[in-house]
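Here is what each chain is made of, one letter per residue.
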Amino acid sequence: MIWDRKYETLSREELQRLQLTRLKEQVARVYEKVPYYRQRMAEAGVRPEDIRSLGDLTRLPFTTKEDLRQNYPFGLFAVPLNRIIRIHASSGTTGKPTVVGYTKKDLRTWAGLIARIVAMAGVRRGDIAQVCFSYGLFTGGFGLHYGLEHAGVTVVPAAAGNTERHIRLMRDFGTTVIVGTPSYALYMAEVARSLGVDPRQDLRVRRGLFGAEPWSEGMRAEIEAAWGLKAFDNYGLSEVIGPGVAGECEEKSGLHINEDHFLVEVIDPETGRPLPPGERGELVFTTLTKEAFPVIRYRTRDISRLMFEPCPCGRTTIRMERVTGRSDDMLIIRGVNVFPSQIEEVITSTPGLAPHYLIIVDKKGYLDEIEVQVELSPEGFSDRYEDLASLEEQLRNRLQATLSLTPRVKLVEFGSLERTTGKARRVIDRRKEAAK
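Definitions and cut-offs
Residues numbered from 1 in each chain as written. Predicted model: local features only at pLDDT ≥ 70, side-chain atom pairs only at ≥ 80, totals over all residues. Heavy atoms only, no water. Buried < 20%, exposed > 50% of the residue type's maximum accessible area, 1.4 Å probe, protein only. Helix = DSSP H or I, 4+ residues; strand = E, 2+ residues; numbered from the N terminus. Pairing = 2+ DSSP bridges. Core = buried A, V, L, I, M, F, W, Y, C linked by side-chain atoms within 4.5 Å. 1 Å grid on protein atoms, 1.4 Å probe; cavity = no way out; pocket = protein on both sides within 12 Å on 5 of 7 lines; lining within 4 Å. Points joined across faces, edges and corners; volume = space filled by probe spheres on them. Axes fitted to C-alpha atoms, helices over the stretch in contact; angles between N-to-C directions. Contact = heavy atoms within 4.5 Å. Parallel < 35°, antiparallel > 145°, perpendicular 65-115°, else oblique. Nonpolar A, V, L, I, M, F, W, Y, C, P; charged D, E, K, R; others polar. Phe/Tyr/Trp six-rings, centres within 6.5 Å; stacked < 30°, edge-to-face > 60°.

Engineer: Can you walk me through the pairing of strand β7 (residues 230-237) in this structure?
Structural biologist: Burial analysis of β7 places six of its eight residues in the buried class, the great majority of the element. With four bridges connecting them, strand β6 (residues 207-210) and β7 associate as parallel partners. Across the sheet, residue G208 finds its bridge partner in β7, namely A231. Relative to strand β8 (residues 242-248), β7 runs antiparallel, the two being bridged by four bridges. Residue N234 lies in a different strand from β8, and its bridge partner there is G247.

See the structure below:
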């Protein structure tokens with residue numbers, strides 16, 4: 001089912017006309033209502049009337065997370081506070097949180113966009129969806145909750161934590177859809193088995209909607225095998241709207257971007273220059289319909305590429321490749337660019353290993369060193385390996401071939417690495433401490 005067939009199947013010409021109309025209106029609004037954007041546009045020598053084509057978007061300045069923090073808390077709002085009916089914010093673990101607001105219309109738009117990605121994943125009226133995201137200032141919980149309700153789905157707002165209760169509710173309520181982070185989905189499957197519950201046989205879960213952290217195809221395979229469900233990726237970020245920016249359809253070949261609401265670019269993360277179609281780089285989004293908190297050319301730091309080929313599902317919107325990592329998560333080890341997702345892909349495709357790992361980066365003298373700690377699978381390792389040393393050696397060789405550097409590998413007992421109900425912590429970088 002296509003939730004909003006009119007807008008999800010527009011021709012490219014119709015869509016671009018709509019985007020240009022909405023872009024002009026949005027640029028004029030932020031110029032008039034947000035002093036910060038008016039100042040930045042003046043510095044760039046551009047006025048709203050200069051935006052005559054979609055190509056003129058590149059004349060506008062970028063917006064970054066630091067810009068949001070400098071205007072904390074409400075400096076980038078485009079409506080007065082008496083029109084704001086919801087406020088969300090990031091965790092602020094690396095500084096001031098980024099604060100976003102929503103009008104009543106924004107919340108209706110948000111729910112409709114979530115309904116689109118829910119329908120893409122084959123979730124229907126009559127499904128029972130258990131939300132395993134935390135509820136609060138984080139956008140994921142409330143965003144998916146209200147969007148699922150808008151789609152006519154029964155919602156169980158179980159929130160994150162108390163994993164044993166999650167399993168009990170799934171069994172008692174007949175949950176058919178789980179919503180959360182992919183790493184927590186794997187942990188819930190572990191807990192279920194420890195309780196004597198086989199997720200594949202004893203529960204009715206048939207779909208999983210996962211987001212909030214990058215995850216590999218190998219991780220998807222692990223989740224689908226553990227639960228007997230179909231796992232779908234969805235993408236969003238609070239600065240743009242929250243979840244609902246893009247989602248996977250049944251083809252699982254890229255995430256359809258809701259282009260009638262978001263204008264997307266791909267740029268070189270180092271130079272900021274737009275990249276040719278199909279090249280991989282940093283995603284940049286401009287909101288076209290947000291009232292309370294519009295953003296112009298917001299740099300996400302997420303690395304992806306755009307896919308323009310027609311999708312068999314019938315939707316005509318551009319798709320984005322699943323995010324492989326963030327430019328600010330990229331590790332530079334001895335001059336080599338390393339993404340945690342590359343390491344995860346190797347681990348999840350190596351028999352005998354569990355998809356739980358930790359990357360530790362340190363400096364010994366003048367050289368960077370990287371250690372990858374990986375859990376053995378709960379069944380132990382495959383009979384193909386005579387001992388742990390041979391498994392370590394194979395993993396080290398595969399990582400070396402992928403990364404072009406040789407990490408230390410440490411195999412650890414299943415369950416020994418930290419589990420979390422939210423985003424998994426994959427990297428510990430000790431180099432700054434070593435430099436002090």
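Next comes the rest of the description.
Engineer: Can you walk me through the sheet that holds strand β10 (residues 262-267) in this structure?
Structural biologist: In a beta sheet, neighbouring strands are held together by backbone hydrogen bonds and run either parallel or antiparallel to one another. One open sheet holds the four strands; their spatial order is β10-β11-β12-β15, and the pairing between them is antiparallel. The sheet terminates laterally at β10 and β15 (325-326), the two strands that pair on one side only. Pairing between β10 and strand β11 (residues 281-287): six bridges, direction antiparallel. Looking at β11, one finds that E265 is bridged to V284.

Engineer: Before we go on, may I ask you to explain the nonpolar core in this structure?
Structural biologist: A general feature of soluble globular proteins is that nonpolar side chains tend to end up buried together. The biggest cluster of nonpolar side chains holds 70 residues, and the ones touching the most others in it are L148, L209, Y235, F285 and M320. Judged by nonpolar contacts, the second largest core, of 22 residues, contains I178, W215, L229 and A231.

Engineer: Explanation requested: the layout of surface pockets in the structure shown.
Structural biologist: Using a probe with the size of a water molecule, rolled over the atoms, empty space left in the structure can be pinpointed. Of the voids in this model, the second largest pocket is the one considered here, and its volume is about 450 Å³. Taken together, 21 residues make up the lining of the second largest pocket; nearest its centre are L263, V264, E265, L306 and I318. Within the residue set of the lining of the second largest pocket, elements represented by two or more residues are α2 (12-33) and β10. Tallying contributions element by element places β10 first for the lining of the second largest pocket, with four residues.

Engineer: Looking at this structure, I do not really get the sheet that holds strand β18 (residues 353-364). What am I missing?
Structural biologist: Strand order in the open sheet formed by four strands is β20-β19-β18-β21, and the pairing between neighbours is mixed. The sheet terminates laterally at β20 (408-412) and β21 (427-429), the two strands that pair on one side only. The average undirected angle you get between the axes of adjacent strands in this sheet is 15 degrees. The pairing of β18 with strand β19 (residues 367-376) spans nine bridges and is antiparallel. Residue pairing for β19: Y357 is matched across the bridge by V374. Helix α11 (residues 340-348) rests against β18, β19 and β21 of the sheet, and its axis sits at about 140 degrees to β18.

Engineer: Hey, could you run me through the packing of helix α5 (residues 104-120) against helix α6 (residues 139-150) in this one?
Structural biologist: Each packed pair of helices is defined by two parameters, the angle between the axes and the distance between the axes. Remark: α5 packs on α6, axes separated minimally by 7 Å, with the N-to-C direction vectors making an angle of 75 degrees. Relative to α6, the element α5 lies roughly perpendicular. Between α5 and α6, the contacting residues are W110, A111, G112, I114, A115 and V118 on the first element and T139, G143, L144, Y146, G147, L148 and H150 on the second. Split by residue class, the contact of α5 with α6 holds eight nonpolar, five polar and no charged.

Engineer: Would you mind going over the packing of aromatic side chains with me for this structure?
Structural biologist: Aromatic ring pairs are reported here in terms of the distance separating the ring centres and the angle at which the planes meet. Applying the stated criterion to the full structure yields ten aromatic pairs. For the pair F77 and F293, a centre-to-centre distance of 5.9 Å together with 85 degrees between the ring planes defines the contact as edge-to-face. Placement of F77 in the loop between α4 (65-70) and β1 (86-89) and of F293 in the loop between β11 and β12 (298-304) is noted, with a sequence separation of 216 residues between them. Judged by relative accessible area, which is 7%, F77 ranks as buried. On the accessibility criterion, F293 (2% relative accessible area) is buried. For the pair Y102 and W110, a centre-to-centre distance of 4.7 Å together with 5 degrees between the ring planes defines the contact as stacked. In this pair, the class of Y102 matches that of W110, namely buried. Aromatic ring contacts, followed pair by pair, group F74, F77 and F293 into a single cluster.

Engineer: What's the story with empty space enclosed by the protein in this structure? I'm lost.
Structural biologist: If you walk through the whole model with that rule in mind, you get one cavity of 30 Å³ or more. Empty space within the largest cavity amounts to approximately 40 Å³. What lines the largest cavity is simply L68, N71, P73, F74, G75, L76, F77, V99 and F293. Looking at side-chain class alone, the lining of the largest cavity contains seven nonpolar, two polar and no charged residues.

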